[in-house]
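Fold and geometry: a report
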Amino acid sequence: MSQGINSSLIKFVVRLGDNNLILGHRLSEWCSKGPFLEEDIAMSNIALDYIGQARVLYSYAGQLDGGKNEDYYAYERREHEFTNALLCETPNGDFGMTVARQLYYSVFAYALCNALLKSKDETLSGYAGKAVKELAYHVRHASDWTLRLGDGTEESNKRMQHGIDELWMYTHDLFATLESDKELVAAGIIPDVAAMKGEWLEQVKDVIQRATLTMPDVNAWQMEGSRKGRHTENIGYIISELQYVTRAYPGCEW
Amino acid sequence: MENVMELEAQFQAKIDRGEFIEPKDWMPEKYRKTLIRQISQHAHSEIIGMQPEGNWITRAPSLRRKAILLAKIQDEAGHGLYLYSACETMGISREELNHQLHTGAAKYSSIFNYPTLSWADMGAIGWLVDGAAIVNQVSLQRTSYGPYARAMVRICKEESFHQRQGYELLLSLCRGTAEQKAMAQDAMNRWWWPSLMMFGPHDAESAHSAQSMQWKIKRESNDELRQKFIDKTVAQAEFLGLTIPDPDLKWNAERGHYDFGQIDWEEFNNVIRGNGPCNKQRLNHHVKVHEENVWVREAANAYAKKNAKKSETLVA
Amino acid sequence: MSSNDNQFPLWEVFVQTKSGTPYKHAGSVHAADKEMAIMNARDLYTRRNEGNALWVVPSNAIVASSPEDMGAFFEPSNDKAYRHPTFYVIPNEVKHI
């Protein structure tokens, strides 16, 4: 692999790893706070899936990047070096907000991994083979809950709609690409992520409408910047918790 | 019509033969009450126990440790659920069990009213607290109530990873820097005595023991279980190079057991009575989460009802 | 009891661990609907790769024999030894039977 394409691939893999770590971190915050015990367990399962995926991706990035280990990416980088989608770092809010985030993210990630199954990069296609099964479950979980909350009571409809509306502005950023992605697309290593938005929109719209909710304004202005390390304020707090122990006791094995 | 005394005699005979009692079998009201109290207390302990560890998920210092800790706490939720299910077979609802917890009518293990102050506490809880719990749970796999015994078998199978991950965590600290080792020793100092208290008061002072032993709800006494735990833990502490904070701890060759110092029962009783460092915090957390999510449960119920109606109309 | 509490109906969970083996009772879960019940069962009872397939059944749909029926139900089959193959004496020379 050429030097250039290697560094492009690292950026892409780390982006995907960051999405998984930060979303897994957020979902893990639900532990012991679930709306009922069974759902608490379900959310921990989903969080564990994302943390597991992050580890696979970080290990691969490290392998491409001179033998760094998975923990380097989680514990030794600064806020602006994280390139997770803005959506992943939004606070949990109420259960409706979390379900909205899960709907937006899991539909996106499922489509991405489905496309990565055909990647010319064997590690990425191997990763996708496992991830796509987990994500299919996440899509089902998020869709079911969107329906229950949207078409449940008046209050749950209002809260679910609020989640859908509040997070909408961060969804375009899921599809953000870098100039360096182009050569990966050309080499058949990754799909054209930007081009996946149309299908995503159709799927999300279908669930939202079946849940008797209103689709947000598709033409409204949306935020971007995550792939260049421009975040919301949330990231600093996430990173300071995540890295507290390793920063307080540098150079230790845990 | 047989009278109650005859039924009770038959019931005791069945237990003496080593048979299990199943939900539909006749049982003395006091047996049922004692079991509900014990199983629900056990279930609540699993659930409240999620909090002190949950406290550290977002701060775990490696991704491996983070995944392990989350999986472990999720197991605790699962164990709580198995136990609630066992309790429900005796005709008490999950709603009622929650209510008893929230009003203080049901208790949970006092150990979870202590704060988790450092990362090493995740190790100490796994090794000592889960270790103490396992000694008790292994013995309860032979408890006389079938659903409870079956829940225990499942729990014991899953629980042994909990203790091992805790010990492994401490091993990393003890083999690490001086600061890490000091962190481990500090955790040991804080968790040792509360772990011994988990087995409950001495047999002579235990209010429920004799009857529970006769009914085989409990299979070994508090003091026997406590001794078992100490005997197997001392060598594990030595391997870590940690000091057990008890100057009176020493091997008694005559007894074939370790002798140990006086437990501070005043502290124990106070923590039970609600004066522990985190009693209010733990319970308030549970109540708050419960209340904040009423709307979610209502929505799910409303949705289920609507759809049940829809499918009825379809059939018609 | 708190009026705001509703923890959903109870469902019994049966897990098949390997294709071709019988479904075994694993325990129960609470859930508002079928879909939630099967997902909750998956999340609770197959965390360690125990599952190949699942059944969930509303607990109130299960009919159980009662302890008083034990004699009437199960003892009559005690004395029907002729239902078991070992009841019949076949000469050693006769094979494959």
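Now for a description of the structure that goes with this document.

Basis of the calculations
- Residues numbered from 1 in each chain as written.
- Chains lettered and ligands numbered in written order.
- Predicted model: local features only at pLDDT ≥ 70, side-chain atom pairs only at ≥ 80, totals over all residues.
- Heavy atoms only, no water.
- Helix = DSSP H or I, 4+ residues; strand = E, 2+ residues; numbered from the N terminus.
- Buried < 20%, exposed > 50% of the residue type's maximum accessible area, 1.4 Å probe, protein only.
- Phe/Tyr/Trp six-rings, centres within 6.5 Å; stacked < 30°, edge-to-face > 60°.
- Lys NZ or Arg CZ within 6 Å of the ring centre and 35° of its normal.
- Core = buried A, V, L, I, M, F, W, Y, C linked by side-chain atoms within 4.5 Å.
- Contact = heavy atoms within 4.5 Å.
- Expected span 1.5 Å × (residues − 1).
- Salt bridge = Lys/Arg side-chain N within 4 Å of Asp/Glu carboxyl O.
- Pairing = 2+ DSSP bridges.
- Axes fitted to C-alpha atoms, helices over the stretch in contact; angles between N-to-C directions.
- Patch = residues over 30% accessible without salt bridge, like charges linked within 9 Å, V, L, I, M, F, W, Y side chains within 5 Å.
- Areas by Shrake-Rupley, 256 points an atom, 1.4 Å probe, with all protein chains shown as cover.
- Buried area = accessible area lost by both parts, 1.4 Å probe.
- Polar contact = N/O pair within 3.5 Å; in protein donor to acceptor, adjacent residues only side chain to side chain.
- Nonpolar A, V, L, I, M, F, W, Y, C, P; charged D, E, K, R; others polar.

What follows covers the overall build of chain A. When helices and strands are tallied, chain A shows eleven helices and zero strands. Listed by position from the N terminus, the elements making up chain A come as α-α-α-α-α-α-α-α-α-α-α. Taking the principal axes of the C-alpha coordinates as reference, chain A spans close to 55 × 45 × 30 Å. When burial is assessed residue by residue, chain A has 62% of its 254 residues classed as buried.

What follows deals with unusual backbone geometry. Here Thr 212 of chain A, not a glycine, exhibits a phi torsion of approximately 55°, which is positive. The residue Thr 212 of chain A is located in the loop between α9 (197-210) and α10 (234-242) in this model. By relative accessible area, which is 44% here, Thr 212 of chain A ends up partly exposed. In the Ramachandran plot, Lys 216 of chain B falls in the positive-phi region, its phi being about 55° despite a non-glycine side chain.

With that settled, consider the packing of aromatic side chains. Applying the stated criterion across every chain yields a total of 32 aromatic pairs over all chains. Relative to Trp 200 of chain A, the ring of Tyr 104 of chain A lies with its centre 5.8 Å away and its plane at 50°, an arrangement referred to as tilted. Highlighted residues: Tyr 104 of chain A in helix α5 (residues 95-116) and Trp 200 of chain A in helix α9, separated in sequence by 96 residues. Trp 200 of chain A carries the same exposure label as Tyr 104 of chain A, and that label is buried. Each ring, one from Tyr 244 of chain A and one from Trp 56 of chain B, has its centre 6.4 Å from the other, and the planes form 40°; the classification is tilted. Placement of Tyr 244 of chain A in helix α11 (residues 244-248) and of Trp 56 of chain B in the loop between α3 (50-54) and α4 (63-88) is noted, with the two residues assigned to different chains. Each residue in the set Tyr 50, Tyr 104, Tyr 105, Phe 108, Trp 168, Phe 175 and Trp 200 of chain A is aromatic and connected to the rest through ring pairs, giving one cluster. Its end group placed over the ring of Phe 82 of chain A, Arg 77 of chain A keeps NZ or CZ at 4.2 Å from the ring centre. Sitting over the face of the ring of Tyr 82 of chain B, Arg 154 of chain B holds its NZ or CZ atom 5.4 Å from the ring centroid.

Turning to the nonpolar core, a few remarks are in order. Tyr 105, Leu 124 and Trp 200 of chain A together with Tyr 31 and Trp 119 of chain B are the most contacted members of the largest nonpolar core, which has 192 residues in total. Among the elements that line this core, the one with the most residues is helix α2 (residues 37-64) of chain A, at 14 residues. When neighbours within four sequence positions are excluded, Tyr 31 of chain B is seen to be in contact with Phe 11, Ile 15, Ile 21, Ser 144, Tyr 145, Trp 215 and Ile 217 of chain B.

With that settled, the discussion passes to helix α2 (residues 29-48) of chain B. For an α-helix, the turn length of 3.6 residues means that residues three or four places apart are oriented alike. Along its 20 residues, α2 of chain B runs 28 Å from first to last C-alpha, staying within 8% of the 28 Å computed at 1.5 Å per residue. Of all the 20 residues making up α2 of chain B, 14 are buried; the element is thus mostly covered by neighbouring parts of the structure.

Residues and elements named next belong to chain B. For the structure on display, the rule yields 38 salt bridges over all chains. Across the salt bridge formed by Asp 25 and Lys 14, the nearest N and O atoms sit 3.0 Å from each other. Of this pair, Asp 25 sits in the loop between α1 (4-16) and α2 while Lys 14 sits in helix α1, and the two are eleven residues apart along the sequence. Where Arg 190 meets Asp 121, a salt bridge forms, and the shortest distance between an N and an O atom there is 2.8 Å. Taken together, the positions of Arg 190 in helix α8 (residues 178-197) and Asp 121 in helix α6 (residues 120-140) put the pair 69 residues apart, joining distant regions of the chain. Shared partners join several salt bridges into a network, and the residues in it are Glu 53, Lys 72, Glu 76 and Asp 130.

Residue and element names in this part refer to chain C. What the three strands build is an open sheet, ordered β2-β1-β3; its pairing is antiparallel. Sheet topology places β2 (24-30) and β3 (53-58) at the edges, where each strand pairs with a single neighbour. The sheet shows a mean angle of 30° between the axes of neighbouring strands, direction not considered. Pairing analysis gives six bridges linking strand β1 (residues 10-16) to β3, with the strands arranged antiparallel.

Attention shifts here to a nonpolar patch on the surface. Residues and elements named next belong to chain C. Together, Tyr 82, Phe 87, Tyr 88, Ile 90, Val 94 and Ile 97 make up a nonpolar patch on the protein surface, roughly 650 Å² of accessible area in all. Summarising the element assignment, Val 94 is placed in the segment after α2 (70-74). Classification of Val 94 as partly exposed rests on a relative accessible area of 43%.

Time to look at the interface of chain A and chain B. With 47 residues of chain A at the contact, the number on the chain B side is 44 residues. With both chains or domains summed, chain A and chain B bury close to 4000 Å², and 69% of this area falls on carbon and sulfur atoms. At the surface where chain A touches chain B, the tally comes to three salt bridges. Across the chain A-chain B interface, the total number found is 13 residue pairs in polar contact (both at pLDDT 80 or more). Elements represented by at least two residues in the side of chain A that touches chain B include exactly α1 (3-28), α2, α3 (70-75), α5, α6 (122-150), α7 (154-168), α10 and α11 of chain A. Element by element, the count of residues in the side of chain A that touches chain B is highest for α2 of chain A, at eleven residues. Residues of the side of chain A that touches chain B, tallied by class, amount to 22 nonpolar, eleven polar and 14 charged.

A few words now on the interface of chain C and chain A. Listed per partner, the contact involves 14 residues of chain C and eleven residues of chain A. Both faces combined, the contact of chain C with chain A buries some 1200 Å², and carbon together with sulfur accounts for 54% of it. A per-residue breakdown of the area chain C buries against chain A is headed by Met 39, Arg 42 and Asp 43 of chain C, which together make up 41% of the total. The interface formed by chain C and chain A includes two salt bridges. One salt bridge in this structure joins Arg 140 of chain A and Glu 35 of chain C, with 2.6 Å as the shortest N-O distance. Taken together, chain C and chain A are joined by six residue pairs in polar contact (both at pLDDT 80 or more). The residue inventory of the side of chain C that touches chain A, partitioned by class, reads six nonpolar, three polar and five charged.

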